[in-house]
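Observations on the model geometry
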Amino acid sequence: MDVKRVKDYLYWLYYQYQLVTCSYVLEPWEQSMFHTITVTVLAMVVYTAYVFVPIHVRLALEFFSQIFGPRPEGGV
């Protein structure tokens, strides 16, 4: 893949991010604070989903398996 096209695409994505969040109107120190807070919140959301979603899915599967009972071995 062409490196220039990848670089242009990443720049375009960053520009879209700035447009959506309106961070292009902030001063440089405000932009750095905003980006730091945004990245921190996003990292916490990803970590929380990584830790707690599998636990809840497992508990939900156990709950529904108790409600509907065991599946037959050779059945459909």
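Quick notes on the rules
- Sequence order sets the numbering: in each chain, residues are counted from 1 along the sequence as written.
- Only residues with pLDDT of at least 70 get local features here, since the model is predicted, and only at 80 or more are side-chain atom pairs given and counted; chain-wide, interface and lining totals rely on the full set of residues.
- To get the side-chain values, all heavy atoms of the structure are used, and hydrogens and water are removed first.
- Helix and strand assignments come from DSSP, with helices taken as H or I runs of at least 4 residues and strands as E runs of at least 2, each series counted from the N terminus.
- Helix span is expected to be 1.5 Å times the residue number reduced by one.
- We define the bend at any residue as the angle between the axes fitted to the seven residues before and including it, ending there, and the seven starting there.
- Under the pairing criterion, centres of Phe, Tyr and Trp rings, with the six-membered ring standing for Trp, must be within 6.5 Å; the plane angle then separates stacked pairs below 30 degrees from edge-to-face pairs above 60, leaving the rest tilted.

Under the annotation held in an unreviewed UniProt entry, the chain carries the name Serine palmitoyltransferase small subunit B and is attributed to Rhadina sibilatrix.

Here we come to helix α2 (residues 28-68). Three- or four-residue spacings in an α-helix give side chains the same orientation, since the helix completes a turn every 3.6 residues. Helix length check: α2 (41 residues) gives 58 Å between terminal C-alpha atoms against 60 Å at 1.5 Å per residue, within 8%. Of all the bends in α2, the greatest, near 30 degrees, is centred on F52, and the proline P54 appears no more than four residues after it.

For the structure shown, the criterion picks out four aromatic pairs. For the ring pair F64 and F68, a centre distance of 6.4 Å and an interplane angle of 15 degrees mean the geometry is stacked. On the criterion of helical spacing, the pair formed by F64 and F68 is a turn pair, its members being four residues apart in helix α2. Counting every residue linked through ring pairs, the aromatic cluster contains F63, F64 and F68.

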